Amino acid sequence: MSEHPPTMLVSRLHYPVTNLGFRTRAGIWFQGCTVYCRGCIARDTWPFDPAREQPVDQVMAWLDQLPAPLDGITISGGEPTDQPGALLALLTRIHAWRGAREIDLLLYSGRATAHLDREFGWLRGYVDVLISEPFELAAATDCPLRGSPNQLVRTFSELGARRYPPETLDADYGRQRAHLSVVVGDGTIQTVGIPLPGDLAALRTRMAERGIEMTRTSWLM
Ligand code: SF4
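Small disclaimer: the values here were computed from a predicted structure and weren't measured.

*Asks:* Just give me the short version of the pattern of salt bridges, but keep the residues and values in it.
*Replies:* One pass over the structure, following the stated rule, counts 11 salt bridges. Between Arg-52 and Asp-49 there is a salt bridge, and its shortest N-O distance comes to 3.8 Å. Exposure remark for Asp-49: the relative accessible area of 28% places this residue in the partly exposed category. In this structure, Glu-102 and Arg-162 form a salt bridge, with 2.7 Å as the shortest nitrogen-oxygen distance. Taken together, the positions of Glu-102 in the loop between α2 (84-98) and β5 (104-108) and Arg-162 in helix α4 (residues 158-163) put the pair 60 residues apart, joining distant regions of the chain. The partly exposed category is assigned to Glu-102, whose relative accessible area is 42%.

Listed below in structure tokens is the structure:
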């Protein structure tokens, strides 16, 4: 009996990403989330939309054709651990594909750290940096790499420890957070990065001043 190739629900793929980890990266966003953080800015990624299904190998083909530089891969969502089989298939392939190259793998999860350690201990074998815990709207500040300061940044490899040492997170990645990328597509405007409190409202206001009306916004859906 032949097994079907693994698939995943993909919200979007983007390159280059320059504000969600070390230097220049590829971004892979899973579609689908059951964490439901209050104040989530990516509510469009919550539904498990079957139309977003892609073979994991197709995502790998996209990764494989990216130009240099590629210093890392950031995986976010949605909630990647809501698709555990797809996540494991993706991480296994990325791990083999990067080989000895210094391409770090940073994973965002809105799940509690204790839950991840208990149920997803295998992440440590693939991921260099894990950022965990739900987003807390009331506590949101300008902390580096994270939307709210309750979220934890942990490294699981020598590469991760070298690129994300706790004592440099504030300086190096704090500066990054001030730079939100805006990607204009076919009738859509997407942001890449973690906005600072007030950024999205300011973006909407500035666009309205220029006569551009947003009919649906993922942080107000
Ligand atoms: S912040 Fe992330 S984990 Fe939380 S609801 Fe939004 S997509 Fe889900």
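Don't stop here, the text continues.
*Asks:* An account of the environment of Ser-181 is needed here, citing residue identities and associated values.
*Replies:* Its location among the elements puts Ser-181 in strand β8 (residues 181-184). Taking the C-alpha atoms as reference, Ser-181 lies 28 Å from Pro-50; in sequence the two are 131 residues apart. Once residues lying within four places of it in the same chain are set aside, the contact partners of Ser-181 are Thr-18, Asn-19, Gln-190, Thr-191 and Val-192.

*Asks:* I'd love a proper account of the side chain of Arg-98, names of residues and values included.
*Replies:* Mapped onto the fold, Arg-98 is located in helix α2. Looking at Arg-98, its side chain comes within polar contact range of the side chain of His-95, at 3.3 Å. When near neighbours in sequence (up to four residues on either side) are disregarded, Arg-98 contacts Ile-103, Asp-104, Leu-105, Tyr-126 and Asp-128.

Cut-off values and rules
Residues numbered from 1 in each chain as written. Predicted model: local features only at pLDDT ≥ 70, side-chain atom pairs only at ≥ 80, totals over all residues. Heavy atoms only, no water. Salt bridge = Lys/Arg side-chain N within 4 Å of Asp/Glu carboxyl O. Buried < 20%, exposed > 50% of the residue type's maximum accessible area, 1.4 Å probe, protein only. Helix = DSSP H or I, 4+ residues; strand = E, 2+ residues; numbered from the N terminus. Contact = heavy atoms within 4.5 Å. Polar contact = N/O pair within 3.5 Å; in protein donor to acceptor, adjacent residues only side chain to side chain.

In short, geometric facts, not functional conclusions.
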